[in-house]
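Remarks on the overall topology
Okay, here's what each chain looks like letter by letter:
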Amino acid sequence: IDLKLSPGPRRLVTRALAVVPAVVVVIVSGDKAINQLLMLSQVVLSFQLPFALVPLVLFTSSKHVMGDFATPPAIQVLAWLCTILIIGLNGLLIVQYFSPPVVPSLDILL
């Protein structure tokens, strides 16, 4: 979209495009559905996060891409461990969201 707007109105339009649909859904669904909508948004983000984290760690670790600024090996190991932990926790969130609670103690994580 090639909008010829000054920065102020452009910010107002882009923020309205982000906020108005959420407000409409809250008004239509009522207060009771806000928690479910929040959980659903987190699940959607959990699906997307690995597609950002893995390339980030790969590219910042690559001497070919980053040259002298590539991540040192010790930090690479730490980055991969954190990435695996985050993806695992997101997987747990996705499983918990789409299945009934099997182990009640896991509900504490939500």
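Up top you'll find the structure we're talking about.
Throughout what follows, the structure given in this document is the object of discussion.

So, on to the overall build of the chain. Helix and strand content of the chain: four helices and zero strands. Helices and strands in the chain line up, N terminus first, as α-α-α-α. A buried classification covers 13% of the 110 residues belonging to the chain. Counted over contacts in the chain with a minimum sequence separation of 6, partners at least 24 positions apart contribute 49%. Looking at the chain as shown, the accessible area adds up to about 8700 Å², and 75% of this sits on carbon and sulfur atoms.

With their axes 10 Å apart at the nearest point, helix H2 (residues 34–61) and helix H4 (residues 73–98) run at an angle of 160° to one another. Here H2 lies roughly antiparallel to H4, going by the angle between them. Between H2 and H4 the crossing geometry is left-handed. Of the residues in the contact of H2 with H4, the class split is 18 nonpolar, seven polar and no charged.

One pass over the full model with this rule turns up one aromatic pair. Ring centres of Tyr97 and Phe98 lie 5.1 Å apart, and the angle between their planes is 90°; on these two criteria the pair is classed as edge-to-face. The class of Tyr97 is partly exposed, set by a relative accessible area of 30%. Exposure remark for Phe98: the relative accessible area of 55% places this residue in the exposed category.

All right, on to a nonpolar patch on the surface then. Residues Leu40, Val44, Phe47, Tyr97 and Phe98 make up a contiguous nonpolar surface patch of about 460 Å² in total accessible area. Only H2 and H4 provide two or more residues apiece to the nonpolar patch. If you tally residues by element for the nonpolar patch, the top one is H2, at three residues.

What counts and what doesn't
- Residues numbered from 1 in each chain as written.
- Predicted model: local features only at pLDDT ≥ 70, side-chain atom pairs only at ≥ 80, totals over all residues.
- Heavy atoms only, no water.
- Helix = DSSP H or I, 4+ residues; strand = E, 2+ residues; numbered from the N terminus.
- Buried < 20%, exposed > 50% of the residue type's maximum accessible area, 1.4 Å probe, protein only.
- Contact = heavy atoms within 4.5 Å.
- Areas by Shrake-Rupley, 256 points an atom, 1.4 Å probe, with all protein chains shown as cover.
- Axes fitted to C-alpha atoms, helices over the stretch in contact; angles between N-to-C directions.
- Parallel < 35°, antiparallel > 145°, perpendicular 65-115°, else oblique.
- Left-handed = near helix turned anticlockwise from the far one by under 90°.
- Nonpolar A, V, L, I, M, F, W, Y, C, P; charged D, E, K, R; others polar.
- Phe/Tyr/Trp six-rings, centres within 6.5 Å; stacked < 30°, edge-to-face > 60°.
- Patch = residues over 30% accessible without salt bridge, like charges linked within 9 Å, V, L, I, M, F, W, Y side chains within 5 Å.
- Salt bridge = Lys/Arg side-chain N within 4 Å of Asp/Glu carboxyl O.

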